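In case you want the letters, here they are:
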Amino acid sequence: MFDYRFSWMDEELGMLSDAMRSFVAAEMTPHEPRWMAQGHVDRDFWYKAGEVGMLCASIPEEYGGHGGDFRHEAVICYEQYLGRGHSSFGNSVHSQICAGYILDHGTEEQKRRWLPKMATGEMVCAIAMTEPGAGSDLQAIRTTARMEGNDYVVNGSKLYITNGQQADLILVVTKTDPAAGARGVSILGVETANCPGFRRGRNLDKLGMKGQDTSELFFDNVRVPPENLLGGAEGQGFGQLMTNLPQERLVIGLIGCATMRRALADTVAFASDRPLFGKRLIDMQNTRFKLAEVRTIAEVAHVFVDQCVARHLAGELDTTTAAMLKWWVAEQAFGVTNTCLQLHGGAGYMTEYNISNMFSESRLYQIAGGSTETMKDLIARTLA
Ligand SMILES: Cc1cc2nc3c(=O)[nH]c(=O)nc-3n(C[C@H](O)[C@H](O)[C@H](O)COP(=O)(O)OP(=O)(O)OC[C@H]3O[C@@H](n4cnc5c(N)ncnc54)[C@H](O)[C@@H]3O)c2cc1C
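In this text the structure is predicted, and so the values were computed from the model without any measurement. (Residues numbered from 1 in each chain as written. Predicted model: local features only at pLDDT ≥ 70, side-chain atom pairs only at ≥ 80, totals over all residues. Heavy atoms only, no water.)

### Quick notes on the state of the cysteines
In protein structure, a disulfide is the covalent linkage between the sulfur atoms of two cysteines. Under the definition given, this model contains zero disulfides. Among the cysteines around Cys56, which has no disulfide bond, Cys125 carries the closest sulfur, lying 8.7 Å off. Not part of a disulfide, Cys98 finds its nearest cysteine sulfur in Cys125, a span of 3.8 Å. (Disulfide = S-S within 2.5 Å.)

### A word on the site of the ligand
Met129, Thr130, Ser136, Ser371 and Glu373 are the nearest of the 18 residues found near the ligand. Met129 is positioned with one of its backbone polar atoms (N or O) 2.8 Å from an oxygen atom of the ligand. The side chain of Thr162 places a nitrogen or oxygen atom 2.8 Å from a nitrogen atom of the ligand. Alone, the ligand offers 970 Å² of accessible surface; in the complex the protein occludes 63% of this. With respect to the detected pockets, the ligand is housed in the largest pocket. The residue makeup of the shell around the ligand, split by class, is eight nonpolar, seven polar and three charged. Both domains that meet at the shell around the ligand, namely domain 2 (126-235) and domain 3 (239-380), each give it at least three residues. (Near = heavy atom within 4 Å. Polar contact = N/O pair within 3.5 Å; in protein donor to acceptor, adjacent residues only side chain to side chain. Areas by Shrake-Rupley, 256 points an atom, 1.4 Å probe, with all protein chains shown as cover. 1 Å grid on protein atoms, 1.4 Å probe; cavity = no way out; pocket = protein on both sides within 12 Å on 5 of 7 lines; lining within 4 Å. Sits in = over half its atoms within 2 Å of the grid points. Nonpolar A, V, L, I, M, F, W, Y, C, P; charged D, E, K, R; others polar. Domains from an automatic or database assignment.)

### Side note on the packing of aromatic side chains
Describing an aromatic ring pair means giving the distance of the ring centres and the angle of the ring planes. If you walk through the whole model with that rule in mind, you get 11 aromatic pairs. Look at Phe270 and Tyr353: their rings are 5.9 Å apart centre to centre, the planes differ by 90°, and that puts the pair in the edge-to-face class. With Phe270 in helix α7 (residues 237-273) and Tyr353 in the loop between α9 (319-343) and α10 (354-364), this pair connects stretches of sequence that are 83 residues apart. Look at Tyr353 and you get partly exposed, because its relative accessible area is 32%. (Phe/Tyr/Trp six-rings, centres within 6.5 Å; stacked < 30°, edge-to-face > 60°. Helix = DSSP H or I, 4+ residues; strand = E, 2+ residues; numbered from the N terminus. Buried < 20%, exposed > 50% of the residue type's maximum accessible area, 1.4 Å probe, protein only.)

### Digging into the packing of helix α5 (residues 91-105) against α7
Remark: α5 packs on α7, axes separated minimally by 10 Å, with the N-to-C direction vectors making an angle of 155°. One finds that α5 runs roughly antiparallel with respect to α7. Pair α5 / α7 crosses with right-handed handedness. Contact with α5, carried on its side by Ser92, Gln96, Ile97, Gly100, Tyr101, Asp104 and His105, involves Gln240, Leu241, Thr243, Asn244, Leu245, Gln247, Glu248, Val251 and Ile255 of α7 and no other residues of that element. (Axes fitted to C-alpha atoms, helices over the stretch in contact; angles between N-to-C directions. Parallel < 35°, antiparallel > 145°, perpendicular 65-115°, else oblique. Left-handed = near helix turned anticlockwise from the far one by under 90°. Contact = heavy atoms within 4.5 Å.)

### Looking at the UniProt feature "domain: Acyl-CoA dehydrogenase/oxidase C-terminal" (unreviewed entry) in the protein chain
Residues annotated in UniProt with the feature "domain: Acyl-CoA dehydrogenase/oxidase C-terminal" (unreviewed entry) correspond here to residues 235-383. End C-alpha atoms of residues 235-383 are separated by 29 Å, and the span's content is 74% helix alongside 3% strand. (UniProt positions renumbered as here; feature names shortened; annotations may be inferred.)

### Some words on the pattern of salt bridges
Tallied over the entire structure, the rule returns 18 salt bridges. The salt bridge involving Arg113 is made with Glu109; its shortest N-O contact spans 2.6 Å. With Arg113 and Glu109 both in helix α6 (residues 108-120) and four residues apart, the pair spans about one turn of that helix. By relative accessible area, Arg113 is classed as partly exposed at 24%. A cluster of three or more residues bridged by salt bridges with shared partners is formed by Asp10, Asp69 and Arg71. (Salt bridge = Lys/Arg side-chain N within 4 Å of Asp/Glu carboxyl O.)

### Section: the packing of α7 against α10
Interhelical geometry of α7 versus α10 gives an angle of 155° and a closest axis separation of 10 Å. In terms of orientation, α7 lies roughly antiparallel with respect to α10. Here the hand of the crossing between α7 and α10 comes out left-handed. Contacts between α7 and α10 involve Thr259, Arg262, Ala263 and Asp266 from the former and Asn354, Ile355 and Met358 from the latter. Along the lines of polarity and charge, the residues of the contact of α7 with α10 split into three nonpolar, two polar and two charged.

### Digging into unusual backbone geometry
Within the chain, Tyr160 stands out as a residue other than glycine whose phi angle is a positive 60°. Mapping Tyr160 onto the fold places it in strand β3 (residues 151-162). The exposure class assigned to Tyr160 is exposed, which follows from its relative accessible area of 53%. Phi is positive for Phe277, which is not a glycine, with a value near 50°. Looking at the element boundaries, Phe277 is found in the loop between β8 (275-276) and β9 (279-280).

### Let's talk about α6
Here α6 spans 19 Å end to end across 13 residues, near enough to the 18 Å set by a 1.5 Å rise per residue. Of all the bends found along α6, the most pronounced is centred on Trp114 and spans about 25°, while Pro116, a proline, follows it within four residues. Among the residues making up α6, those that are buried are Gln110, Lys111, Trp114, Leu115, Met118 and Ala119. Considering only its buried residues, α6 is in contact with α3 (43-51), α5, β1 (125-128), β4 (169-175) and β5 (185-191). Count one or two residues on from α6 and you reach Gly121, which has phi positive near 95°. (Expected span 1.5 Å × (residues − 1). Bend = angle between axes of the 7 residues up to and from the residue.)

### Topic: the pairing of β5
Within β5, six of the seven residues are buried, which leaves it mostly tucked inside the rest of the structure. Pairing geometry for β4 and β5, over seven bridges, is antiparallel. Note that in β5 the partner of Val172 across the bridge is Leu188. (Pairing = 2+ DSSP bridges.)

### Describing the layout of surface pockets
Over the atoms, a rolling probe the size of a water molecule traces out where space has been left empty. Estimated volume of the largest pocket: approximately 1300 Å³. Forming the walls of the largest pocket are 44 residues, and the residues nearest its centre are Thr130, Ile367, Ala368, Gly369 and Gly370. Counting residues per element, the ones that place at least two in the lining of the largest pocket are α5, β3, α7, α10 and α11 (372-380). Looking at the lining of the largest pocket, the element that brings in the most residues is α7, giving eight residues. (Points joined across faces, edges and corners; volume = space filled by probe spheres on them.)

In structure tokens form, the structure reads like this:
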């Protein structure tokens, strides 16, 4: 059930997936319960992931990365979620989202300053868009960055920020010109070491994703040098977000597909062992029908995500298709994990069974990275 193939995979990517599977099993799975209990991965784990090439796989070697492309990121992300290592490690935000912003939009100097440290794990990266008063409606953000003397001075707060407790670099979405609407949005790289006025709030307690830290962040007259303005020109932030959000949604599509595959495999294994009324759970017709449905949904999702990655590699993944993938896979992953949890009976409600974690984690996919309603709104705009 774990044997999968994407149309864009070659022998080298097959070897990468094998290596990642071994790494996840040996270096992540054993620590996952502890990470979940403490609410974050060990800081040292970022260095370990850097050593094996798990970070910044698609970043060119000249910027310290591994010289791959999005296929490498996709395989690394997929294997993390397919393995029992699961969700604690926020590499998808760090490598598959943040590094992409810096590579695609950063100045040459920013790429050389930040990406090599991100590839080794010396610098953990987060992206901070959401605020207490603005999530789906990104244009409503209130965090400002005003030029005072030689620096930008950042004021505001951010909410629900993945990697927020550990981040050394935060791509903060701000308003450099609050009167200019979308054209007044800029992204600033805030380096958190020795950064007066920057404060991390609580590591928020969540329904799922217990081992992935999610934070409130506060900026109180934080001085940021103009060299840290992503791309070097003000007012580019909204365009940068619009360009890169399809990749973020594609990553969530990959995670949802891996989750469904894992849920199916775990449930087949559980139902094959579970005696019930003189048979095995897997022999009951209801179980067989439910698992047949799950397998079908997982396969359809696989084909769709496979095609979307191929389109992304060709530079042809449009906002609408990424939105379709994101909402549909997110909802299927939640439905599939719900079905699989039910087939586990009481065991499915116990956190020692992975299905309960997959169920609570998959609930998030309908919210983060643009909610289901936001995705449908984007799609509907193309219709009328
Ligand atoms: C665990 C976790 C990790 C996260 N990580 C990050 C991160 O790293 N960085 C970051 O910036 N953000 C992050 N987020 C925030 C996430 O992206 C937002 O929660 C999400 O965009 C929704 O915004 P909101 O919570 O403000 O809800 P709201 O925008 O207030 O939405 C409330 C409801 O209104 C619905 N709605 C929205 N638009 C419409 C519409 N047009 N029509 C009808 N209904 C609509 C929504 O779907 C939702 O049901 C994270 C969130 C979570 C839970």
